[in-house]
Amino acid sequence: MSVPPSSRELIVEADGGSRGNPGPAGYGAVVLDPATGETLAEAAEYIGVATNNVAEYKGLVAGLKAARALFPDATVHVRMDSKLVVEQMSGRWKIKHPDMKPLAAEAGRVFPAGRVRYEWIPRERNKHADRLANEAMDAGKLGRRWEPSASTAGLDAMAARNAATPAGPPGDATAGAARARAALGARPSAGTRTSVPGTGTAAWPSTASRPSAPGDLPDEGLFTEEALGAPGDFEAPGDFEAEAGTGGATPAVPEQAATATVPAAPRQGWTGPDMGAPATFVLLRHGETALTPEKRFSGSGGTDPELSAAGLRQAEAVAEALAARGTIQEIVSSPLTRCRQTAAAVAARLGLDVRVDQGLRETDFGAWEGLSFGEVRERYPEDLDAWLASPKAAPTGGGESFATVARRVAATRDRLTAAHAGRTVLLVTHVTPIKTLVRLALGAPPESLFRMELSAASISAVAYYADGNASVRLLNDTSHLRA
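Residues numbered from 1 in each chain as written. Predicted model: local features only at pLDDT ≥ 70, side-chain atom pairs only at ≥ 80, totals over all residues. Heavy atoms only, no water.

*Asks:* Is there a simple way to think about the packing of aromatic side chains in this case?
*Replies:* For any pair of aromatic rings, geometry is given as the distance between the ring centres together with the angle between the planes. Throughout the structure, instances matching the rule amount to 7 aromatic pairs. Judged by centre distance (5.2 Å) and plane angle (55°), the ring pair of phenylalanine 281 and tyrosine 464 falls under tilted. One end of the pair, phenylalanine 281, is in strand β6 (residues 279-285); the other, tyrosine 464, is in strand β10 (residues 459-464), and 183 residues separate them in sequence. Three or more aromatic residues joined by ring pairs make a cluster, and in this case those are Phe297, Phe365, Trp368, Trp387 and Phe402. (Phe/Tyr/Trp six-rings, centres within 6.5 Å; stacked < 30°, edge-to-face > 60°. Helix = DSSP H or I, 4+ residues; strand = E, 2+ residues; numbered from the N terminus.)

Written out as structure tokens, the structure reads:
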């Protein structure tokens, strides 16, 4: 982490609504990284019949608790469009309503008062939380619970941030976000900082040296989930290879990268101080779904398919293999069903709980969800060409760009490495997050993504050290599936 948890600042935006006041009500809250604007966590819930103000307070409580779950020692900047809540929580207005007093007291207990400040913002600047609240109310109307994997509340916010981002690769928080943003994509050369050798457990292959992360600056990746993630996908689909392989379109290098002053890069070697045991992420891609062998786009915006019969067998096989290794201490999963099913199989063997993290979800492929690459080429040729040519281009219909996904993945990595230093954690996730983590750890350029193969139910591993360095220890191990 570039910023230790004790000095980390988070932004919480919260809102609540009632269709009738009182009437069917719900709340929404989002936790943001103030440096990047990236979404770190979302919360929403239908709460039955309540007033607007009660729903707003419940949104505040949920947002503060989500922030505390990420960084218990953080300072928090709360932004809401409720003048009442902001003034009451700031101590300038008295709280008289009997339904709001206990909620205000609960909000005040989440963080010490000195670590939370409140700001009123106009409603148009609180659209993310407002949309979450409305999604929760819509779900409640149908007798359902709000599902994070089905939410599209962050899309408008993401699009606005992307539009406001200057040209050049997005900054990466590992090994110093401030240095990364200052360099803005310049390629590192020889420097003076040393790295230290890996000291991980015997269960995951170690490396002779740990490369630093000079390539952390570009946070973009061009690859899909089911459509391009099965064995051999980066060689087999001729359409994709022709457009985005070695001889096709690749992300353009910002003009400034050719002229910017070249910063010093960390030197690789064995001479630095021992930084202690790393946070080791064992990266498990979920098992097959019905869409996997058909190589169809399957991200976080589609039907959320379950594991197929083959996928369930793969999940059991990988669970047996991980149980035999015996080094997994915690399990964190993407919220999507195929990952949660895979994680559950492992958790049952290891006797561990599964924690869900929204940051590990797959790309939202918009209108391309469920389509094959050829079908997308036929229906949306111009959009596909733009998507292949630039990591900032989003799929048709409001999907996520890969630059946006990479920023989310990097922020998730930073949170998890800070929370799990010295531990071995299984992350059950998808093609995009895994390949992004591997590329950033290697400091490799974006086109390196097209040289990686990532099979269903495969295991990879990356270790992260206290000095910001990383070591790729395993990639696409499928030996457990060949038994």
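Picking up where we left off.
*Asks:* Explain the sheet that holds strand β3 (residues 39-50) to me, please; I cannot follow it from the model alone.
*Replies:* In a beta sheet, neighbouring strands are held together by backbone hydrogen bonds and run either parallel or antiparallel to one another. An order of β3-β2-β1-β4-β5 is seen for the 5 strands of this open sheet, with the pairing classed as mixed. The sheet is open, and its two edges are formed by β3 and β5 (116-120), each paired on a single side. Across this sheet, the average inter-strand angle for adjacent strands is 20°, counted without regard to direction. The sheet contact formed by strand β4 (residues 75-80) and β5 spans 5 bridges and is parallel. Of the residues in β5, the one forming a bridge with valine 78 is tyrosine 118. Sheet contacts for helix α4 (residues 127-141): β1 (9-18), β2 (23-32) and β3; angle to β2, the most-contacted strand, approximately 140°. (Pairing = 2+ DSSP bridges. Axes fitted to C-alpha atoms, helices over the stretch in contact; angles between N-to-C directions. Contact = heavy atoms within 4.5 Å.)

*Asks:* Can you help me understand the environment of proline 72 in this one?
*Replies:* Note on placement: proline 72 falls in the loop between α1 (52-70) and β4. A C-alpha to C-alpha distance of 9.5 Å links proline 72 and arginine 8, two positions 64 residues apart in sequence. Every residue in contact with proline 72, bar those within four places of it in the chain, is listed here: Phe111 and Arg115.

*Asks:* Please clarify how the pairing of β1 should be interpreted in this entry.
*Replies:* Within a regular strand, the side chains alternate between the two sheet faces. By the criterion of burial, β1 is predominantly enclosed, with 9 of the 10 residues buried. Where β1 meets β4, 6 bridges bridge the pair, whose relative direction is parallel. Looking at the pairing, glutamate 9 lines up with threonine 75 of β4. Strand direction decides the pairing type here: β1 and β2, joined by 8 bridges, are antiparallel. For isoleucine 11, the partnering residue across the bridge sits in β2 and is leucine 32. (Buried < 20%, exposed > 50% of the residue type's maximum accessible area, 1.4 Å probe, protein only.)

Geometry only, nothing functional implied.
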